[in-house]
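Survey of secondary and tertiary structure
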Protein chains: 2
Amino acid sequence: MLQPVMHVLKQRNIILASGSPRRKELIENIGLAVGLCPSLFEENLDPKKFKNFIEFVEETALQKVLEVDNRLRLQGDPPDVVIGADTMVTLDGSLFGKPTSEQEAFDMLKSLSGRSHTVYTGVVVKTKDKTVKFTEKTNVIFGKLEDEQIRGYIATGEPMDKAGGYGIQGIGGTFVERIEGDYFTVVGLPLYRLCAVLYDMFKDNK
Amino acid sequence: MLQPVMHVLKQRNIILASGSPRRKELIENIGLAVGLCPSLFEENLDPKKFKNFIEFVEETALQKVLEVDNRLRLQGDPPDVVIGADTMVTLDGSLFGKPTSEQEAFDMLKSLSGRSHTVYTGVVVKTKDKTVKFTEKTNVIFGKLEDEQIRGYIATGEPMDKAGGYGIQGIGGTFVERIEGDYFTVVGLPLYRLCAVLYDMFKDNK
């Protein structure tokens, strides 16, 4: 979708305020060259202080972006565009972070088994003049899992650094019967909407 | 999902009757070791001779599997499991193959713009004793595309070897606002259902 503005984007210093290799791979897959600068923002916002999940993920994404933007500016290397994202797995109004133990990973996956949950990814795109925020949500429907399938998955080590205890782009993808929404929202960066925002920002420069 | 039977599967000679690097990557991503043996079956079945798209993709997948299975048997290297798949993009009852010209790619993408179409992937899994067939379908909803976005995409060269004129796992993913179904059905191999079939086939050997 970005091809008509790609020559403009190629001249910009675009920074992804994330250390996630998955996000970097997604964005490079669509031909966009970005620098990676993991944010030092401590992700410590209290979800209970927000009206809803959308405001929470957008604020976390914004804080990541602002920290990176400030730091690079102070270092004398101001970016043209900073992109930040935050992904959250939710079930029945509760938030699932990264499991802190194998038992917690088991409990999370067991509770996702055979039903639908919702993944939110909030995104912030900041330029000198403008800051755009949006959130995409995707429903993920897991098949019914046997306990030993869950245990076997945990033994692969994949769940432990993933929100919700699974990675849809890895072995965890075999648990997912279907989704409703943007697949890339579940991986961690909603590509369609991100590209629509970048296209709108740069189409008048093309 | 396959972890409890993985030690059994690792001892089997599993062949993917496909030359698609995307299918191979998907299957390797979930930790399954497979040999790749592109089928020599000429994909020349006439869709009009089938009751529906499901029977058509399953028959094409079956013919791919049978050709590979026979050939390897004759070569004295009989496989334990042969997996074949066929993917088809459809809109309003018409079938979209790989575009044969840039103009055809443009017309296809233009007709997919701003609406929903359906991708079918038929899969056949054959062992010595048993042949299982199934088809998954996923709805893919494209955002509204400007003509120059379509032209820019065609200029990347990505559309020309893809059914429907786009690859969801590449730059084409930026056109896809949302999907309903298994994402991997659109890439070319429905992972959830394939793993469920393999698990059922081998769980009594574990």
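Residues numbered from 1 in each chain as written. Chains lettered and ligands numbered in written order. Predicted model: local features only at pLDDT ≥ 70, side-chain atom pairs only at ≥ 80, totals over all residues. Heavy atoms only, no water.

Chain A appears in an unreviewed UniProt entry as Nucleic acid-binding protein asmtl from Euphydryas editha. Of the comments in the UniProt record for chain A, the one headed Cofactor (unreviewed entry) reads "a divalent metal cation". (UniProt positions renumbered as here; feature names shortened; annotations may be inferred.)

Take the interface of chain A and chain B next. Often, the extent of an interface is quoted as the loss of accessible area upon association of its parts. Chain A puts 33 residues into the contact, and the matching count from chain B is 33 residues. Carbon and sulfur atoms make up 57% of the surface buried where chain A meets chain B, a total of about 2900 Å² over both sides. Linking chain A with chain B are 0 salt bridges, by the criterion used here. Among the elements that take part in the side of chain A that touches chain B, strand S7 (residues 176-181) of chain A stands out by supplying 6 residues, more than any other. For the side of chain A that touches chain B, a count of residues per class yields 14 nonpolar, 11 polar and 8 charged. Pairing of S7 of chain A with strand S7 (residues 176-181) of chain B, which is carried by 3 bridges, proceeds in the antiparallel orientation. Counted as the bridge partner of Ile179 of chain A is Gly181 of chain B from S7 of chain B. (Contact = heavy atoms within 4.5 Å. Buried area = accessible area lost by both parts, 1.4 Å probe. Salt bridge = Lys/Arg side-chain N within 4 Å of Asp/Glu carboxyl O. Helix = DSSP H or I, 4+ residues; strand = E, 2+ residues; numbered from the N terminus. Nonpolar A, V, L, I, M, F, W, Y, C, P; charged D, E, K, R; others polar. Pairing = 2+ DSSP bridges.)

In this section: the pairing of S7 of chain B. Looking down a regular strand, the side chains alternate between one sheet face and the other. Here strand S6 (residues 131-142) of chain B pairs with S7 of chain B via 4 bridges, running antiparallel. By the bridge assignment, Asn139 of chain B is partnered in S7 of chain B with Glu180 of chain B.

With that settled, the discussion passes to the pairing of strand S3 (residues 81-91) of chain B. Residue and element names in this part refer to chain B. Within S3, 11 of the 11 residues are buried, which leaves the element mostly enclosed by the surrounding structure. Side-chain alternation along S3 places Val81, Ile83, Ala85, Thr87, Val89 and Leu91 on one buried face and Val82, Gly84, Asp86, Met88 and Thr90 on a second face that is also buried. Alignment of strand S1 (residues 14-16) against S3, held across 3 bridges, turns out to be parallel. Pairing of Leu16 across the sheet is with Ile83, part of S3. The sheet contact formed by S3 and strand S5 (residues 116-126) spans 9 bridges and is antiparallel. Within the sheet, the bridge partner assigned to Val89 lies in S5 and is Val119. With 3 bridges connecting them, S3 and strand S4 (residues 94-96) associate as antiparallel partners. Residue pairing across strands places Val89 opposite Phe96, the latter belonging to S4. (Buried < 20%, exposed > 50% of the residue type's maximum accessible area, 1.4 Å probe, protein only.)

Moving on, we come to the pattern of salt bridges. Scanning all chains against the criterion turns up 26 salt bridges over all chains. One salt bridge in this structure joins Lys126 of chain A and Asp69 of chain A, with 3.2 Å as the shortest N-O distance. In this pair, Lys126 of chain A is assigned in strand S5 (residues 116-126) and Asp69 of chain A in helix H3 (residues 53-74), connecting sequence segments 57 residues apart. Of the two residues, Lys126 of chain A and Asp69 of chain A, both sit in the buried class. One salt bridge connects Asp147 of chain B with Lys110 of chain B, and the closest N-O pair in it is separated by 2.6 Å. Taken as a pair, Asp147 of chain B in helix H5 (residues 147-155) and Lys110 of chain B in helix H4 (residues 102-112) lie far apart in primary sequence, 37 residues in all. Looking at Lys110 of chain B, the relative accessible area reads 42%, which means it is partly exposed.

So, about the side chain of Gln149 of chain A. With respect to the element layout, Gln149 of chain A can be found in helix H5 (residues 147-155). A polar side-chain atom of Gln149 of chain A sits 3.3 Å from the main-chain carbonyl oxygen of Met1 of chain B. In this structure Gln149 of chain A touches Lys144 and Phe175 of chain A together with Met1, Pro4 and Tyr199 of chain B, once residues within four positions along its chain are discounted. (Polar contact = N/O pair within 3.5 Å; in protein donor to acceptor, adjacent residues only side chain to side chain.)

Turning our attention to the relation of the copies chain A and chain B. Structural alignment of chain A on chain B gives an RMSD of 0.0 Å, achieved by rotating through 180 degrees and translating 0.0 Å along the axis. The superposition operator between the copies reduces to a two-fold rotation axis. It is Glu180 of chain A whose C-alpha, among those of chain A, lies nearest the rotation axis, at 2.3 Å. (Least-squares fit on C-alpha atoms with pLDDT ≥ 70 in both.)

A word on the packing of helix H4 (residues 102-112) of chain A against H5 of chain A. All names here are of chain A. Following both chains from N to C, one finds H4 and H5 inclined at 135 degrees, their axes separated by 10 Å at the closest point. Considering their axes alone, H4 and H5 lie oblique with respect to each other. For the element pair H4 and H5, the recorded crossing hand is right-handed. Here Glu102, Ala105, Phe106, Leu109 and Lys110 of H4 lie close against H5, whose contacting residues are Asp147, Ile150, Arg151, Tyr153 and Ile154. (Axes fitted to C-alpha atoms, helices over the stretch in contact; angles between N-to-C directions. Parallel < 35°, antiparallel > 145°, perpendicular 65-115°, else oblique. Left-handed = near helix turned anticlockwise from the far one by under 90°.)

Time to look at the nonpolar core. Soluble, globular proteins show a tendency: their nonpolar side chains are buried together. Leu2, Ile83 and Tyr166 of chain A together with Leu2, Ile83 and Tyr166 of chain B are the most contacted members of the largest nonpolar core, which totals 109 residues. Among residues more than four places away in sequence, those in contact with Tyr166 of chain A are Leu109, Leu112, His117, Val119, Val140, Phe142, Tyr153 and Val186 of chain A. (Core = buried A, V, L, I, M, F, W, Y, C linked by side-chain atoms within 4.5 Å.)

All names here are of chain A. By the element assignment, Thr90 lies in strand S3 (residues 81-91). Residue Thr90 is classed as buried on the basis of its relative accessible area of 6%. C-alpha separation for the pair Thr90 and Glu148, spaced 58 residues apart in sequence, amounts to 24 Å. Residues within four places of Thr90 in sequence aside, it is in contact with Phe53, His117, Thr118 and Tyr120.

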